[in-house]
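Each chain, letter by letter, is given below.
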Amino acid sequence: MVLNTCQCFCFCEYILLISYMKWMIYIINEQIPERKSCLSTFRDMYLEVIECLHQVNRSIYGVPAIVGFIGANVAEIILTIYGRLLFPRDHVNDIHLVISFIWLLMRTVNVIVLYTIGDATEKEVNRMSLVLHRRSLIEKNPRIKRQIKFFLLRRLHEHFHFELYGMCHVNISQLFSLSNKAVGYLVIQVLFKLNK
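Residues numbered from 1 in each chain as written. Predicted model: local features only at pLDDT ≥ 70, side-chain atom pairs only at ≥ 80, totals over all residues. Heavy atoms only, no water.

For clarity, the threshold we go by: UniProt positions are given in the numbering used here, feature names are shortened, and annotations may be inferred rather than shown by experiment.
An unreviewed UniProt entry annotates the protein chain as Gustatory receptor of Macrosiphum euphorbiae. UniProt annotates the protein chain under Subcellular location (unreviewed entry) with the comment "Cell membrane".

And the structure:
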């Protein structure tokens, strides 16, 4: 119970932290076309937020997110479907079935929320290239236009991928790949059970 509470607390803290960084990048992207501040300020803010995002995913939460948030939740989903819903060991009453469905739903929502937040953050960070390109089209000052072009070139070669500890991409396509593997593993286990 304590382990589940700690995992839930860490998961919520991680999601809030990533959502806050995504919101900061969104604000930067919205302020660039309005010319409310100089471009170098936005560039410095953007680079600082990206560095914080990399630090969070590499040092603080990277491995726990892979092992705890993704691995444990997917394993719990497979275990719940296989052990409690498809092949229960004892007589299952309605309360056990309801609790199993709620547990399954919570674990599924955790995985979907993590991958959705990762995908949205990746898209927001990569949207900056489009925002900068639009700003360069309307900019009259050649010095600022040149700064935008240099920053666009740098962004072109640094396409952002939301990764945990440099090993695990967190976006919607990876979620589909993970769910396909989990369903395939579950089908193999069911076939083994039925062939005994």
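**What to know about the overall build of the protein chain**
Keep this limit in mind: In DSSP terms, a helix is any run of H or I states spanning at least four residues, a strand is any run of E spanning at least two, and both are numbered starting from the N terminus. Using C-alpha atoms as the atom set, the radius of gyration is obtained and then compared with a globule rule of 2.2 Å times the number of residues to the power 0.38. To sort residues, take the accessible area from a 1.4 Å probe on protein chains only and compare it with the maximum for the residue type: under 20% means buried, over 50% means exposed, and anything in between is partly exposed. Whether two residues are in contact is decided by their heavy atoms: any pair within 4.5 Å suffices. All accessible-area figures derive from a Shrake-Rupley calculation using a 1.4 Å probe, and residue coverage is judged against the displayed protein chains alone. When charges are counted, neither His nor the chain ends are considered; positive counts come from Lys and Arg and negative counts from Asp and Glu. Lys charges are placed at NZ, Arg charges at CZ, Asp charges at CG and Glu charges at CD.
Looking only at helices and strands, the protein chain features 6 helices and 2 strands. For the protein chain, the N- to C-terminal ordering of α and β elements is α-α-α-α-α-β-β-α. At 22 Å, the protein chain has a C-alpha radius of gyration far larger than the 16 Å of a compact globule built from 196 residues. Looking at the protein chain as a whole, 33% of its 196 residues are labelled buried. By sequence separation, contacts in the protein chain at least 24 residues apart represent 81% of the contacts at least 6 residues apart. Working note: accessible area of the protein chain is about 12300 Å², and carbon and sulfur atoms make up 66% of it. Counting 22 positive and 15 negative side-chain charges, the protein chain places the averaged centre of each group 7 Å from the other.

**Observations regarding the UniProt feature "transmembrane region" (unreviewed entry) in the protein chain**
This chain's UniProt record puts "transmembrane region" (unreviewed entry) on residues 60–83 and 95–118. Across residues 95–118, helical content stands at 100% and strand content at 0%; the span's end C-alpha atoms are separated by 35 Å.

**Description of the nonpolar core**
Note the threshold: Residues grouped as a nonpolar core are buried Ala, Val, Leu, Ile, Met, Phe, Trp, Tyr and Cys residues, joined through side-chain atoms within 4.5 Å.
Within the largest apolar cluster, 43 residues are counted, with the highest numbers of intra-cluster contacts made by Tyr 14, Leu 114, Leu 132, Phe 162 and Leu 164. For this core, the secondary structure elements donating two or more residues are helix H1 (2–31), helix H2 (39–60), helix H3 (62–86), helix H4 (94–138), helix H5 (142–157) and helix H6 (172–195). When residues in this core are grouped by element, the largest group, 9 residues, is from H4.

**Let's talk about H5**
Our working definition: In this scheme, a helix's expected span is set at 1.5 Å multiplied by one less than its residue total. Within this analysis, the arc is defined by the directions that extend from the helix axis to the C-beta atoms. Any pair of N or O atoms that falls within 3.5 Å is considered a polar contact. Within protein, one atom must be able to donate a hydrogen and the other to accept it, and sequence-neighbouring residues count only if both atoms are side-chain atoms.
Between its first and last C-alpha atoms H5 spans 23 Å; for 16 residues at 1.5 Å apiece the expected length is 22 Å, and the two agree. Within the span of H5, buried status applies to Ile 144, Ile 148, Phe 151, Leu 152 and Arg 155. All buried residues of H5 lie within an arc of 110° about the axis, which places them on one face of the element. Those residues of H5 that are exposed and angled more than 90 degrees off the buried face are Pro 142, Phe 150, Leu 156 and His 157. Measuring from the backbone nitrogen of Arg 143 back to the side-chain oxygen at the start of H5 gives 3.1 Å, which picks out Asn 141 as the cap.

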